[in-house]
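If you want the building blocks of each chain, they are given just below.
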Amino acid sequence: MAEIKFYNREPVPVEMHKVKIVQKLSLLPARERLNKLREAGFNTFMLHNGDIFMDMLTDSGVNAMSDNMQSAMLRADDAYAGSETFYRMNEKLTGIFGMKYLLPTHQGRACEHIIAQHFVKPGSCVIMNYHFTTSKAHVTRLGGRVEELVKDEGLVVKSNLPFKGNIDLDKVKACIEKEGAENIAYMRLEAGTNLIGGQPISYENMKEATDIAKQHGIVTVLDASLLQDNLYFIKTREAGMQDKSIREITRMIADLFDIVYFSARKFGFGRGGGIMVRDEEMFHAMEDYITMFEGFLTYGGMSVKEMEALIIGFEETMDMDIISQGPQFINHCVTELDKLGVPMVTPGGGLGAHIDARQVVDHIPAEQYPAGSLVAALYLCGGIRGMERGTLSEERNPDGTEHIASVEMVRLAFPRRVFTLSQTEYVIDRVKWLYDHRHLIGGLKFVHEPKTLRFFTGKLEAVSDWPEKLVEAYIADFGEDQ
Ligand code: F0G
């Protein structure tokens with residue numbers, strides 16, 4: 001169902017589930033949050049979960065399971081080799097994607113590792129609509145290069161375009177011409193394009209792009225980690241798709257690709273990952289990597305209990321009632337904040353609500369990580385943990401200079417079926433407060449900077465005493481205890 005209608009008031013998103021198990025949250029006083037943030041090196045990845053009120057870091061591995069998913073865990077068939085659970089999972093995924101072979105992995109980046117390991121050679125190029133941090137890191141580690149060919153309009157922050165994740169077909173043709181098809185390891189299209197705000201790609205665009213790749217004999221790969229949101233958007237936004245079921249749309253998409261891989265920490269509401277392969281030879285060529293890096297071929301590093309839960313989770317992903325919740329809550333959050341004047345990435349996409357940090361804290365230089373500073377400030381102002389998605393998440397250029405990200409955002413992820421609308425209203429309120437006090441926010445600098453994926457474990461400090469001043473302003477408005 002796209003949306004529940006209301007009789008006498010503005011509609012709000014309504015959950016198509018009820019709560020059965022809860023986890024208590026605590027809200028630390030603001031000054032304590034400042035201490036915790038300092039200990040975490042102003043990096044929200046390094047905070048302890050118990051010190052967080054609203055954990056909106058990610059939707060990865062933190063989505064609520066259904067009663068059916070949990071009860072399915074009891075069926076798990078423990079076996080090092082030949083677990084019946086694996087065959088059930090393979091059958092379910094083959095039913096959904098129409099591809100015969102499943103390579104199980106422990107999570108999404110393991111799929112990326114294996115695909116890159118198989119196809120990428122030094123100097124080869126991988127075409128993407130947009131990169132994801134781990135998908136790019138695996139390509140560059142092997143001496144390859146990523147060409148991001150998303151349409152320019154996809155990077156425009158405020159927009160009403162329905163499919164900002166679309167790849168630019170002219171750029172694709174020019175890239176193939178320039179690089180030579182034989183030097184292109186594969187074309188990877190990412191459903192629900194993560195780093196530009198969970199923005200979807202249309203079926204039509206996927207079809208046209210993969211047609212071009214096929215004409216040149218280039219392998220086509222779909223990153224389906226965020227497919228569930230993308231399915232919702234195709235069904236609700238793309239012309240001619242309203243009468244098709246989610247299952248039909250999924251199959252139409254999968255039919256375009258040689259390989260479909262996913263992080264099951266997102267796709268399927270569980271934890272794990274998998275690579276679906278159409279061609280037997282390609283499957284066999286990659287299976288050695290599973291036994292070498294992941295585990296035996298019938299579990300690939302996943303717990304069989306999680307696999308059983310996923311089998312139900314994949315089926316739930318085919319249910320429009322279930323996959324509507326995320327995009328509808330995100331749309332509510334984005335629309336309300338937009339009305340309040342906060343610069344948001346519009347239209348609302350999947351995954352989470354995205355704040356355009358470059359506009360909010362335009363007084364912070366790019367080298368002092370505007371989005372990193374804003375996300376740190378948001379934890380101080382309400383115990384809300386978001387994620388930096390900007391320059392801090394990039395790797396430095398080979399000469400050591402900063403690679404300034406094309407988009408500089410704070411992401412407030414909405415794990416599916418986890419937060420209520422009142423919690424969402426709290427977040428809207430605190431973001432607005434912070435926006436109104438944005439002049440108090442200052443920059444950050446590294447004190448420990450890892451070479452690869454530095455945003456995960458790097459430690460930073462504030463360039464001035466701005467965090468103390470911000471906390472005092474917050475206390476003046478909300479009191480000492482929150
Ligand atoms: N592809 C996409 C589109 C993703 O969003 C992610 C993970 C991965 C691949 C890697 O999967 O984490 O299971 O290894 N995204 C998480 C996030 C980390 O928070 O957006 P993984």
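Preceding block: the structure.
Residues numbered from 1 in each chain as written. Predicted model: local features only at pLDDT ≥ 70, side-chain atom pairs only at ≥ 80, totals over all residues. Heavy atoms only, no water.

Student: Help me understand helix 15 (residues 421–436) in this model?
Tutor: Each α-helix turn comprises 3.6 residues. Residues three or four places apart therefore point the same way. Here helix 15 spans 23 Å end to end across 16 residues, near enough to the 22 Å set by a 1.5 Å rise per residue. Within the span of helix 15, buried status applies to L421, Q423, T424, Y426, V427, I428, R430, V431, W433, L434 and Y435. (Helix = DSSP H or I, 4+ residues; strand = E, 2+ residues; numbered from the N terminus. Expected span 1.5 Å × (residues − 1). Buried < 20%, exposed > 50% of the residue type's maximum accessible area, 1.4 Å probe, protein only.)

Student: I would appreciate a short explanation of the packing of aromatic side chains in the present structure.
Tutor: In this description, an aromatic ring pair is defined by two values, namely the gap between the centres and the angle between the planes. By the definition in use, this model includes 20 aromatic pairs. With a centroid separation of 5.8 Å and an interplanar angle of 65°, the aromatic rings of F119 and Y186 are classed as edge-to-face. Remark: Y186 occurs in strand 5 (residues 184–190) and F119 occurs in helix 4 (residues 108–119); sequence separation between them is 67 residues. Note on accessibility: F119 and Y186 belong to one class, buried. Seen from their ring centres, F262 and F267 are 5.4 Å apart, and the 50° between their planes marks the pair as tilted. For the residue pair F262 and F267, the accessibility class agrees, reading buried in each case. Taken together, the ring pairs connect F97, F262, F267 and F314 into an aromatic cluster. Above the plane of the ring of F455 lies R389, whose end atom (NZ or CZ) is 5.1 Å from the centre. Lying across the ring of Y435, R438 places its NZ or CZ 4.0 Å from the centre. (Phe/Tyr/Trp six-rings, centres within 6.5 Å; stacked < 30°, edge-to-face > 60°. Lys NZ or Arg CZ within 6 Å of the ring centre and 35° of its normal.)

Student: What exactly am I supposed to notice about the pattern of salt bridges here?
Tutor: Between side chains of opposite charge, pairing is possible as soon as their charged atoms come close. In total, this model carries 32 salt bridges according to the counting rule given. With its nearest N and O atoms 2.9 Å apart, the salt bridge here joins E472 to R31. Placement of the pair is E472 in helix 17 (residues 466–478) and R31 in helix 1 (residues 30–39), with a sequence separation of 441 residues. For E472, a relative accessible area of 39% translates into the label partly exposed. R145 serves as the salt-bridge partner of E179, at 2.8 Å between the closest nitrogen and oxygen. Placement of the pair is E179 in helix 6 (residues 169–179) and R145 in strand 4 (residues 145–148), with a sequence separation of 34 residues. Residue classification places E179 among the buried positions, given a relative accessible area of 12%. Taking relative accessible area as the criterion, R145 reaches 35% and is therefore assigned partly exposed. By sharing partners, the salt bridges in this structure join D59, D229, K266 and R416 into a single network. (Salt bridge = Lys/Arg side-chain N within 4 Å of Asp/Glu carboxyl O.)

Student: Whenever I open this one, the nonpolar core confuses me. Can you help?
Tutor: Generally speaking, nonpolar side chains in soluble globular proteins are found buried as a group. Counting 59 residues, the largest nonpolar core has I355, L412 and L434 as the members making the most contacts within it. Apart from the residues within four sequence positions on either side, L434 is in contact with L374, A377, L378, C381, I441 and L470. (Core = buried A, V, L, I, M, F, W, Y, C linked by side-chain atoms within 4.5 Å. Contact = heavy atoms within 4.5 Å.)

Student: In this structure, what is going on with the layout of surface pockets? I would like to understand it.
Tutor: Where empty space is left in the structure can be found by rolling a water-sized probe over the atoms. In this structure, the largest pocket occupies an estimated 1400 Å³ of space. Along the wall of the largest pocket there are 35 residues; nearest its centre are I21, A64, M65, R417 and V418. Counting residues per element, the lining of the largest pocket draws most heavily on helix 2 (residues 67–72), which supplies 3 residues. A class-by-class count of the residues in the lining of the largest pocket yields 14 nonpolar, 12 polar and 9 charged. (1 Å grid on protein atoms, 1.4 Å probe; cavity = no way out; pocket = protein on both sides within 12 Å on 5 of 7 lines; lining within 4 Å. Points joined across faces, edges and corners; volume = space filled by probe spheres on them. Nonpolar A, V, L, I, M, F, W, Y, C, P; charged D, E, K, R; others polar.)

Remember that the coordinates give geometry; whether it matters functionally is a separate question.
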